[in-house]
Amino acid sequence: VISRGGADGLVPLTDDEFMDLAGFLLISAVANPAGLLTVGALVLLEHPEVARRLSEHPEEVPHAVEELLRSTVTMGGGLGRIATEDVELGGVTVRRGELVLVVTDAANHDPDVFAEPDRFDIDRERASTHLKFGGGRHYCPASHLSRAVAAAAFEVLLAEMPALRLAVPPTDLEWVPDRYVQLPRQLPVIW
């Protein structure tokens, strides 16, 4: 029995809660890494000078992964949260019980936090302060694993396929519609 904390101790999850948890774990284990690796590879293919630099200096890949995490938009419509109390946000009153969509990808492009936020810059200071993995009690427990997997994947990709390039212009890519994680339907490449 999978349970959650309640006022009376542990309470079994309802079928709906269990299905929500299972869906979240599936997205976290498969779709999120696929999104990061695919969109990250696309960004590197669009910046061949960066890819070349990283293939020559693989020790820089972990910092580049932080900038990829900060700069890429992979989370579609955002994370749903329910307001626990009335609050004023940006001149709008959010009432207790209302749904709020938290778009961390938008926060990662805040010009008050990141200078020239739409520019991909692997030398960016404080790139790791992004919110791709959430924050506080909603911080992703697999964030270190995700970073390590991405760094290893990009190191191998850049080392083994240094001539890799897009086979079509980026504007010709077709994106999968209506998905939680933003992914191109295909990423055609040549080498």
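Anything mentioned here points back to the structure above.
A brief look at the structure comes next. (Residues numbered from 1 in each chain as written. Predicted model: local features only at pLDDT ≥ 70, side-chain atom pairs only at ≥ 80, totals over all residues. Heavy atoms only, no water.)

## Let's talk about the layout of surface pockets
- Approximately 740 Å³ is the volume found for the largest pocket.
- Phe 24, Ser 28, Asn 32, Phe 133 and Cys 140 are, among the 30 residues lining the largest pocket, the residues nearest its centre.
- For the lining of the largest pocket, the elements supplying multiple residues, two or more each, are helix H1 (15-46), strand E3 (79-82) and helix H5 (143-160).
- Classifying every residue of the lining of the largest pocket gives 20 nonpolar, seven polar and three charged. (1 Å grid on protein atoms, 1.4 Å probe; cavity = no way out; pocket = protein on both sides within 12 Å on 5 of 7 lines; lining within 4 Å. Points joined across faces, edges and corners; volume = space filled by probe spheres on them. Helix = DSSP H or I, 4+ residues; strand = E, 2+ residues; numbered from the N terminus. Nonpolar A, V, L, I, M, F, W, Y, C, P; charged D, E, K, R; others polar.)

## A few points about the side chain of Arg 70
- Within the secondary structure, Arg 70 sits in helix H3 (residues 61-71).
- Of note is the side chain of Arg 70, whose polar atom sits 2.8 Å from the backbone oxygen of Asn 108. (Polar contact = N/O pair within 3.5 Å; in protein donor to acceptor, adjacent residues only side chain to side chain.)

## A look at the packing of H3 against H5
- Orientation of H3 relative to H5, taken along the N-to-C sense of each, is 115°, at an axis distance of 9 Å. Regarding the angle of H3 to H5, the classification is roughly perpendicular. Note on packing geometry: the crossing formed by H3 with H5 is right-handed. Where H3 approaches H5, its residues Val 61, Pro 62, Val 65, Glu 66, Leu 68 and Leu 69 are matched on the opposing element by Arg 147, Ala 150, Ala 151, Phe 154 and Glu 155.
- Across the contact of H3 with H5, the residue classes break down as eight nonpolar, no polar and three charged. (Axes fitted to C-alpha atoms, helices over the stretch in contact; angles between N-to-C directions. Parallel < 35°, antiparallel > 145°, perpendicular 65-115°, else oblique. Left-handed = near helix turned anticlockwise from the far one by under 90°. Contact = heavy atoms within 4.5 Å.)

## Things to note about the packing of aromatic side chains
- A complete count under the given rule lists one aromatic pair for this structure.
- Their ring planes at 65° and their centres at 6.5 Å tell us that Phe 133 and Tyr 139 sit as a pair that is edge-to-face.
- Among the residues examined, Phe 133 registers a relative accessible area of 11% and is labelled buried.
- The side chain of Arg 70 reaches across the aromatic face of Phe 114, ending 5.1 Å from its centre. (Phe/Tyr/Trp six-rings, centres within 6.5 Å; stacked < 30°, edge-to-face > 60°. Buried < 20%, exposed > 50% of the residue type's maximum accessible area, 1.4 Å probe, protein only. Lys NZ or Arg CZ within 6 Å of the ring centre and 35° of its normal.)

## Observations concerning the environment of Gln 186
- Within the secondary structure layout, Gln 186 lies in the loop between strand E7 (165-166) and strand E8 (189-190).
- Here the alpha-carbon distance between Gln 186 and Asp 105, two residues 81 residues apart in the chain, equals 22 Å.
- If we ignore the near neighbours within four places in the chain, the residues touching Gln 186 are Leu 173 and Glu 174.

## A closer look at the environment of Pro 58
- Secondary-structure assignment places Pro 58 in the loop between helix H2 (48-56) and H3.
- A relative accessible area of 36% means that Pro 58 is categorised as partly exposed.
- Linking Pro 58 and Glu 85, residues 27 residues apart in sequence, is a C-alpha distance of 47 Å.

## Structural notes on a nonpolar patch on the surface
- Taken together, the side chains of Ile 82, Leu 99, Leu 101 and Val 103 make up a nonpolar region of the molecular surface, amounting to roughly 390 Å² of accessible area.
- Following the sequence through the fold, Leu 99 ends up in strand E6 (residues 99-102). (Patch = residues over 30% accessible without salt bridge, like charges linked within 9 Å, V, L, I, M, F, W, Y side chains within 5 Å. Areas by Shrake-Rupley, 256 points an atom, 1.4 Å probe, with all protein chains shown as cover. Salt bridge = Lys/Arg side-chain N within 4 Å of Asp/Glu carboxyl O.)

## Focus on H3
- Counting buried positions along H3 yields nine of 11 residues, so the element is predominantly enclosed.
- Of all the positions in H3, only Val 61, Ala 64, Val 65, Glu 66, Glu 67, Leu 68, Leu 69, Arg 70 and Ser 71 are classed as buried.
- Contact partners of the buried residues in H3: H1, H2 and H5.

## Structural notes on the packing of H1 against H5
- Look at H1 against H5: their axes get within 11 Å of each other, and the N-to-C directions meet at 45°. One finds that H1 runs oblique with respect to H5. With respect to the hand of their crossing, H1 and H5 are arranged in right-handed fashion. Between H1 and H5, the residues in contact are Leu 36, Leu 37, Gly 40, Ala 41 and Leu 44 and Ala 150, Ala 153, Phe 154, Leu 157 and Leu 158, respectively.
- Looking at the contact of H1 with H5, its residues break down into nine nonpolar, one polar and no charged.

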